[in-house]
Amino acid sequence: MEKQMSRTSRRLAVVINYGAILLFLVCFYLSDSVGWNVPIAASVVTAILVALITFFSLHVRTKLWKLVHSKIDKLDERELQVTHEALRYAYGIFTVVSLLVLLAIALSTPQWDSLLILIFASLLYLAHTLPSSVIAWRKKDH
């Protein structure tokens, strides 16, 4: 059964969910530096639990997960428009975040890793040209 959440509650759940994922990653990074201890292990377990709880309450119970993972022919016109816009924004944000992470890794090495910087530039180019390349590839001649 679908559970309704207010916009404010959904936004809060998104922030908490991604915050828990970030805490999880930071704790693993810290464990590499300082070793595992009780506070780090407790933080990891807490982060996992919070991420799971917010995932199920936000994505599964509201059926938003199902909406964005449905086949196109199963969606009505409004759902198609909503998912199209969501995917467009999501992949744009994902691309920028991924490339910034790669750039930060490349710039954080003692001597800038020229290969990683070239990979960053190539992926940035790919991110901007891939949508029009897909259209060029798939569009039928008239």
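Residues numbered from 1 in each chain as written. Predicted model: local features only at pLDDT ≥ 70, side-chain atom pairs only at ≥ 80, totals over all residues. Heavy atoms only, no water.

> Run through the packing of helix α4 (residues 77–108) against helix α5 (residues 114–138), naming residues and quoting values.
Look at α4 against α5: their axes get within 9 Å of each other, and the N-to-C directions meet at 170°. Comparing the axis directions of α4 and α5 gives the class roughly antiparallel. By crossing handedness, the relation of α4 to α5 is classed as left-handed. Contact residues: T95, L99, L102, L103, I105, A106 and L107 in α4; L116, I117, I119, F120, L123, L124 and A127 in α5. Of the residues in the contact of α4 with α5, the class split is 13 nonpolar, 1 polar and no charged. (Axes fitted to C-alpha atoms, helices over the stretch in contact; angles between N-to-C directions. Helix = DSSP H or I, 4+ residues; strand = E, 2+ residues; numbered from the N terminus. Parallel < 35°, antiparallel > 145°, perpendicular 65-115°, else oblique. Left-handed = near helix turned anticlockwise from the far one by under 90°. Contact = heavy atoms within 4.5 Å. Nonpolar A, V, L, I, M, F, W, Y, C, P; charged D, E, K, R; others polar.)

> Which residues make up the packing of helix α1 (residues 7–34) against helix α2 (residues 38–60), and what are the values?
Packed helices, taken two at a time, are described by the angle their axes make and the gap between the axes. The interhelical angle for the contact between α1 and α2, taken along N-to-C directions, is 155°, at an axis separation of 8 Å. Compared by their axis directions, α1 and α2 come out roughly antiparallel. In this structure, α1 meets α2 at a crossing whose hand is left-handed.

Nothing here speaks to function; it is all geometry.
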